[in-house]
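# Residue-level structure breakdown
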Amino acid sequence: MTSLVFFNNKGGVGKTVLVYHLAWMYASLGIRTLAVDLDPQANLTSMFLDEAALEDLWPDGEHPGTLYGAIKPILRGRGDIAPPTAYTVGEALHLLPGDLGLSGFEDKLSDAWPKCHNKDEAAFRVTTAFYRIIEQVAADVRAEITLIDIGPNLGAINRSALLAVDAICVPLAPDLFSLQGLKNLGPTLQDWREAWHDMRKKAPADLPVPDGKFKPLGYVVMQHGFRESRPVKAYKRWMDRIPATYQEYILGKQARRLPSLDMDPNCLAILKHYRSLMPMAMEANKPMFSLKPSDGAIGSHVEAVKKCFDDFDRLARRIANKTDIMLF
Amino acid sequence: MLTRDQLLALLSDLESDRVERTVSTNARDKFGEAVCAFANDLPGYGKPGYLLIGVANDGTVSGLTVTDEMLTNLGGLRSEGKILPPPVLHIAKFSLDGGDVAVVEVQPSDLPPVRYNGRVWIRVGPRKAVATEREERILSERRVAMARSFDARPCQEATLDDLALGQFDAYRRVAVDAETIAANHRPLEQQLASLRFFDPNRQCPTHAGILLFGTNPRFFLPGAYVQYLRMPGTELTDIPEDQAEISGDLLSVLKELELRVRLVVQTRMRSVSPLQEQLTPNYPEQALRELLLNAVMHRNYDSNTPIRFYVFADHVEIQSPGGLYGEATRANFPHQNSYRNPVLAEAMKALGYVNRFGYGIERAQALLRQNGNPPAAFEFDERNFLVVIKQAAP
């Protein structure tokens, strides 16, 4: 099983949309896929499920069907994780639903992190909770790939989430804030890796602990935020800066000769703004590339749906190529 | 279905290209492709093909345990609508000395070419492959000679000029795999023929072609429209509040019906406790949709009668010409389905109006139940099919 997280501390770049569509794409390519919503805002969950299903998942009180249900015993200090359950979305697609209650875990995780240095077993159990939950669910549903969506910040929940993954993809928009975000992200990731590297040696022997390498796989340029009104020149300038900034801050290499964006091996995809397809997809509760004439995708939309399919198909294959996912 | 002895004979007959053996149990795409290839029957055996799961290439039984779940999954091949038009399948499990074998028997299709995910698969000796343009042409020509369904038969008075070809082009992009389209050089008549909308021998569109893309389908098929009436009370004798004859090509008819259904559905606010209110529609929109789509898909287009979609103050009636068809009978309705119009069914699946085959009525009933409506009542005789849906109690 390969696990991937999509992470950028700049919000609003279309991260959740990306995870949602990639999950459907992998499932349609016959890869057993698990989508995990670790963002306390639970946007990914609400994209997958309609209101009636959400009401069933989030009744008042206990939430046994969500991630929150699984960490609740830890949160209350009454033991280790509870067995988590995945929600079956499609034939090869499962979801570990998120929960607004997850935000309450932030403080607990912040507390636990430094205590790991003191060989505190409880602290290790808290810190690796996400990792162990995800491993367990992925094994239950026999997932070949796990895609994780997290919130846009450098907090403790995200730090702990990163411990659960093999690789990171960075979605970004061609603007100042995204590039500035990259500059903060790179060093922070490095700090977290080093700290965990020291700490994991002190973990109790019987606890499965992640290796915490979370290797950077590349970036995906999202044009969602791109507005018509902005001069194309400025936009192009930000695009040109992405390869160097990524290499310098995320990979920690001094960039000498820099490729252009479309030639950069770290660039996994440049995704267009699919305009009216997205609202149509939200309405129909399915990915943009699966829209049919009955959903309103007629005339020129047919071609756009096809283009969108090709884009995500290419991205899915690109990522598969860089990891150990077998695609035929 | 074959007998145990026939199966044993097939196991050892390694030469036969009507048999595909496999030991893997979860290669759904491979199974789909194999079923599609047998249904196309390019060599023209006119006999069923067999997919044997749990048998190695050399004919030995691999020691598989066939579960119920697996048989159900195999049954899904028929109803999921990935193989179009829907093939005729029989599935059985045999327990042999070395382990279980799941057998899928595939009858050759009356309406080739059959597609799996938009691609035409055929048998080439002991293997399968995607059909070339030439092979697809052979299949299209063979089909017309033996087409039994009304929608696949030629509409002899019509010509290519009676079709709106822009509509066809858009449909083709939805129904046919993109790579096949990109590699395509065939003339328009053959593009139409390979999707069963044109008869290459008589050089005219089929009835399905006219229904889907005709500029004026009612000229050739006078009953091909929906009569919509909205009555103020509960009697048909009152003066209608609104009426329309919904006609045109299939996609326009379906779009128009959708708008009418939205007008029928009215949502009321109901208080369930002093602090809570609940929104209750008088009819679940999806259930009305399913039942209307059923009428459009299964009606008899040979008749001059329209589908009648009558909306009364307290109930809705949908009446369509043509009684139960084929294997569907009074005794097994609605659990057994049969396709009077397989080409139309295929188109409605490709356009996304139908998701799976054979679940429409059960789904409608479930939605009605959840919404608090009485179950839909069905009445049918030899010539007509009527559904009555009562409003939910306020």
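Going by the structure above, here's the rest.
Residues numbered from 1 in each chain as written. Chains lettered and ligands numbered in written order. Predicted model: local features only at pLDDT ≥ 70, side-chain atom pairs only at ≥ 80, totals over all residues. Heavy atoms only, no water.

A separate point is the side chain of S149 of chain B. Residues and elements named next belong to chain B. Structurally, S149 is set in the loop between helix 4 (133–146) and helix 5 (165–175). Overall, the relative accessible area of 7% leaves S149 in the buried class. Here S149 is in contact with L111, R340 and P342, once residues within four sequence places are set aside. (Helix = DSSP H or I, 4+ residues; strand = E, 2+ residues; numbered from the N terminus. Buried < 20%, exposed > 50% of the residue type's maximum accessible area, 1.4 Å probe, protein only. Contact = heavy atoms within 4.5 Å.)

This part is about unusual backbone geometry. All names here are of chain B. The omega torsion across L84 and P85 is -10°, close enough to zero to call that bond cis. Looking at the secondary structure, you find P85 in the loop between strand 3 (83–84) and strand 4 (89–96). Looking along the chain, the bond that leaves F333 and enters P334 is cis, with omega of 0°. For N117, which is not glycine, the phi torsion reads 50° and is therefore positive. Its identity as a non-glycine residue notwithstanding, R196 has a phi of 70°, on the positive side. Along the chain, R196 falls in the loop between helix 7 (188–194) and strand 9 (198–199).

Another aspect to go through is the interface of chain B and chain A. The interface is formed by 13 residues belonging to chain B together with nine residues belonging to chain A. Of all residues in chain B, the largest losses of buried area upon contact with chain A belong to R173, V174 and K255 of chain B, amounting jointly to 34% of the total for that side. Of the charged contacts, one joins E91 of chain A and R28 of chain B as a salt bridge, the two residues approaching to 3.0 Å between their closest N and O atoms. Every element with two or more residues in the side of chain B that touches chain A is listed here: helix 5 and helix 10 (250–264) of chain B. Among the residues making up the side of chain B that touches chain A, the classes are represented as seven nonpolar, one polar and five charged. (Buried area = accessible area lost by both parts, 1.4 Å probe. Salt bridge = Lys/Arg side-chain N within 4 Å of Asp/Glu carboxyl O. Nonpolar A, V, L, I, M, F, W, Y, C, P; charged D, E, K, R; others polar.)

Attention now goes to the pairing of strand 18 (residues 384–390) of chain B. Residue and element names in this part refer to chain B. In terms of burial, strand 18 is largely enclosed, as five of its seven residues are buried. As paired elements, strand 16 (residues 315–321) and strand 18 share seven bridges and run antiparallel to each other. Residue pairing in the sheet places I318 in a bridge with V387 of strand 18. Sheet analysis places strand 17 (residues 377–380) next to strand 18, joined by four bridges and oriented antiparallel. Looking across to strand 18, one finds that E379 is bridged to L386. Hairpin connection from strand 17 to strand 18: three residues lie between these consecutive antiparallel strands. (Pairing = 2+ DSSP bridges.)

By themselves, these figures tell us nothing about what the structure is for.
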